[in-house]
2 protein chains.
Amino acid sequence: MEFDLRDLPTRATLQELSRKIPELDVSSVETALLFMRVATNVFHHIHDNLARFGISQGKFNLLMIFYKESDRSFLPSELAEKAGITRATVTGLLDGLEREGLVERKSHPKDRRMIMTRMTQKGIERMQAVLPDHFLLISRLMQGLTEEDRRMLISYIERIDAEIPKAEGQQ
Amino acid sequence: MEFDLRDLPTRATLQELSRKIPELDVSSVETALLFMRVATNVFHHIHDNLARFGISQGKFNLLMIFYKESDRSFLPSELAEKAGITRATVTGLLDGLEREGLVERKSHPKDRRMIMTRMTQKGIERMQAVLPDHFLLISRLMQGLTEEDRRMLISYIERIDAEIPKAEGQQ
DNA sequence: TCTATGTAGTTAGCCACCTAACTATTGTGC
DNA sequence: GCACAATAGTTAGGTGGCTAACTACATAGA
């Protein structure tokens, strides 16, 4: 079963490699490759949906951080850390969000190196327009799975994540 | 269990939304978000490893297509279709790969609009250096799962993929 | 106190993706 | 046979990610 002609060369390559490398398990690699392919499809799907609202994935991630605590301000460096991107990237995303009037920058009263960023009313309204649609689309991805299936899936995914060495020295 | 303070605001947002939108299932969204978070970690992990060999993910994908049938040539448009990226992006990636001497471009003998691209010996050798390490790293991601676990995981992932509407009109 | 070190944000420049528009060439229909 | 449409690849310009270097400011130590 699963006789995909297009992928047969990969399987042949894998099987040849696995003869030389005993630790390499062909079915593990194939599972991981499927995982990655579907993840890519999911990201594209979500990207396309957010694009209908004129929001990129990167901007959405920042807006979500703001929205969760829309009454308070965030330092750019704090946003970078929460979103898992660099401060330089945050600068660029904030430029775009500020240009659209979704967030605003104010200088910090005490420490003049810092900038306080805050979501505007327009930003809140934009998120209120996007979120129902966005989460509904995400929710529907799982509609082929039962509650029990999802519990199992979470367990498998967490075990995969546990194998990824977490970079401690992240400067 | 799973009492992550940082994510509580998301859960609160989700629960509020789910009251207004009956079709929205909170646990489905949370499962999908975990799936995406781990997928991102996996991609970063693989990226970091390929970077040690001076190869980006995009270039690796093209090289893998070449390597699977290293005796034949490919049209750039064919590479784009197989890799799931645009022709414009292929142009850029081929520029880099050609600059490094890993692939070569030749004009098509019959149709002068077309370009035949082919992997060089140096390209083959580079892939032979990268592949064992690369696939071993991918294989290890699954070492917390049994054969049976992986079968189940594949089934779940395929059911998620089945919910993604495939864009027919991809011009 | 003043120098050195550290910190926050930005800038510059690279990469890989995109869309839209352009060039060159081939194929088609009157 | 020639104008027009279709096709292949590239170019131009935008975005979001990165690292490295820079500016401005704050802080700690001799």
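Residues numbered from 1 in each chain as written. Chains lettered and ligands numbered in written order. Predicted model: local features only at pLDDT ≥ 70, side-chain atom pairs only at ≥ 80, totals over all residues. Heavy atoms only, no water.

Student: Describe the packing of aromatic side chains, listing the residues and the values that go with them.
Tutor: Going through the model one piece at a time under the given rule, you end up with four aromatic pairs over all chains. For the ring pair Phe35(A) and Phe35(B), a centre distance of 5.1 Å and an interplane angle of 65 degrees mean the geometry is edge-to-face. In this pair, Phe35(A) is assigned in helix α2 (residues 26-51) and Phe35(B) in helix α2 (residues 26-51), connecting two distinct chains. A relative accessible area of 2% means that Phe35(A) is categorised as buried. Pairing Tyr156(A) with Tyr156(B) gives two aromatic rings, centres 6.3 Å apart and planes at 25 degrees, and the pair type is stacked. Highlighted residues: Tyr156(A) in helix α7 (residues 147-162) and Tyr156(B) in helix α7 (residues 147-162), drawn from two different chains. Between Arg72(A) and the ring centre of Phe74(A), over which it is positioned, the NZ or CZ distance is 4.1 Å. (Phe/Tyr/Trp six-rings, centres within 6.5 Å; stacked < 30°, edge-to-face > 60°. Helix = DSSP H or I, 4+ residues; strand = E, 2+ residues; numbered from the N terminus. Buried < 20%, exposed > 50% of the residue type's maximum accessible area, 1.4 Å probe, protein only. Lys NZ or Arg CZ within 6 Å of the ring centre and 35° of its normal.)

Student: Tell me about the protein's contact with DNA strand D, and please be specific about residues and values.
Tutor: Within the structure, DNA strand D sits among 23 residues, and Ser56(A), Thr89(A), Pro76(B), Ser77(B) and Arg87(B) are positioned closest to it. In DNA strand D, atoms within 4 Å of the protein come from the sugar-phosphate backbone in 69% of cases. Between DNA strand D and Arg105(B) there is a distance of 2.8 Å, counted from a phosphate oxygen to a side-chain nitrogen or oxygen. Of all elements in the fold, only α3 (57-68) and α5 (87-99) of chain A together with α4 (76-83) and α5 (87-99) of chain B reach the threshold of two or more residues within the surface near DNA strand D. Looking at side-chain class alone, the surface near DNA strand D contains eight nonpolar, seven polar and eight charged residues. (Near = heavy atom within 4 Å. Polar contact = N/O pair within 3.5 Å; in protein donor to acceptor, adjacent residues only side chain to side chain. Nonpolar A, V, L, I, M, F, W, Y, C, P; charged D, E, K, R; others polar.)

Student: I'd like a rundown of the relation of the copies chain B and chain A, residues and numbers included.
Tutor: Once chain B has been moved 0.0 Å along the axis and rotated by 180 degrees, it coincides with chain A to within an RMSD of 0.1 Å. Given the turn and translation reported, the copies of this chain are related as if by a two-fold rotation axis. Here 100% of the interface residues in chain B have copies in chain A that are interface residues too; the copies meet face to matching face. (Least-squares fit on C-alpha atoms with pLDDT ≥ 70 in both. Contact = heavy atoms within 4.5 Å.)

Student: Got a sec to walk through the nonpolar core? Specific residues and values, please.
Tutor: In this structure, Val42(A), Phe135(A), Val42(B) and Phe135(B) are the most contacted members of the largest nonpolar core, which totals 100 residues. When residues no more than four places from it in sequence are discounted, the contact partners of Val42(B) are Phe35(A), Met36(A), Ile160(A), Ile164(A) and Leu141(B). (Core = buried A, V, L, I, M, F, W, Y, C linked by side-chain atoms within 4.5 Å.)

Student: I'd like a description of the interface of chain B and chain A, backed by residues and values.
Tutor: Taken together, the contacts link 60 residues of chain B with 60 residues of chain A. Carbon and sulfur atoms supply 74% of the area that chain B and chain A bury against each other, a total of about 5,900 Å² over both sides. Between the two partners, chain B and chain A, sit four salt bridges. At the junction of chain B with chain A, the criterion picks out 20 residue pairs in polar contact (both at pLDDT 80 or more). When contributions to the side of chain B that touches chain A are tallied by element, the ones reaching two or more residues are α1 (8-20), α2, α3 (57-68), α6 (121-140) and α7 of chain B. Broken down by element, the residue count for the side of chain B that touches chain A peaks at 17 residues, all from α2(B). (Buried area = accessible area lost by both parts, 1.4 Å probe. Salt bridge = Lys/Arg side-chain N within 4 Å of Asp/Glu carboxyl O.)

Student: Hey, could you go over the pattern of salt bridges for me, with residue numbers and the actual values?
Tutor: Side chains that differ in sign of charge can pair as their charged atoms come close. Per the counting criterion, the structure on display carries 32 salt bridges over all chains. Of the charged contacts in the structure, one is a salt bridge between Asp25(B) and Arg150(A), with a shortest N-O distance of 3.3 Å. Note that Asp25(B) is positioned in the loop between α1 and α2 and Arg150(A) in helix α7, a pairing that runs across two chains. Relative accessible area serves as the criterion here: at 29%, Asp25(B) is assigned to the partly exposed category. Look at Arg150(A) and you get buried, because its relative accessible area is 7%. Where Asp95(B) meets Arg105(B), a salt bridge forms, and the shortest distance between an N and an O atom there is 2.2 Å. In this pair, Asp95(B) is assigned in helix α5 and Arg105(B) in strand β1 (residues 103-107), connecting sequence segments ten residues apart. What emerges from the salt-bridge pattern is a single network uniting Asp25(A), Glu147(B) and Arg150(B).

Student: How would you explain the protein's contact with DNA strand C if you had to name every residue and give the values?
Tutor: Within the structure, DNA strand C sits among 23 residues, and Pro76(A), Arg87(A), Arg113(A), Ser56(B) and Thr89(B) are positioned closest to it. Of what DNA strand C places within 4 Å of the protein, 67% of the atoms are sugar or phosphate. Here a phosphate oxygen of DNA strand C sits 2.8 Å away from a polar atom, N or O, in the side chain of Ser77(A). For the surface near DNA strand C, the secondary-structure elements that each account for two or more residues are α4 (76-83) and α5 of chain A together with α3 and α5 of chain B.

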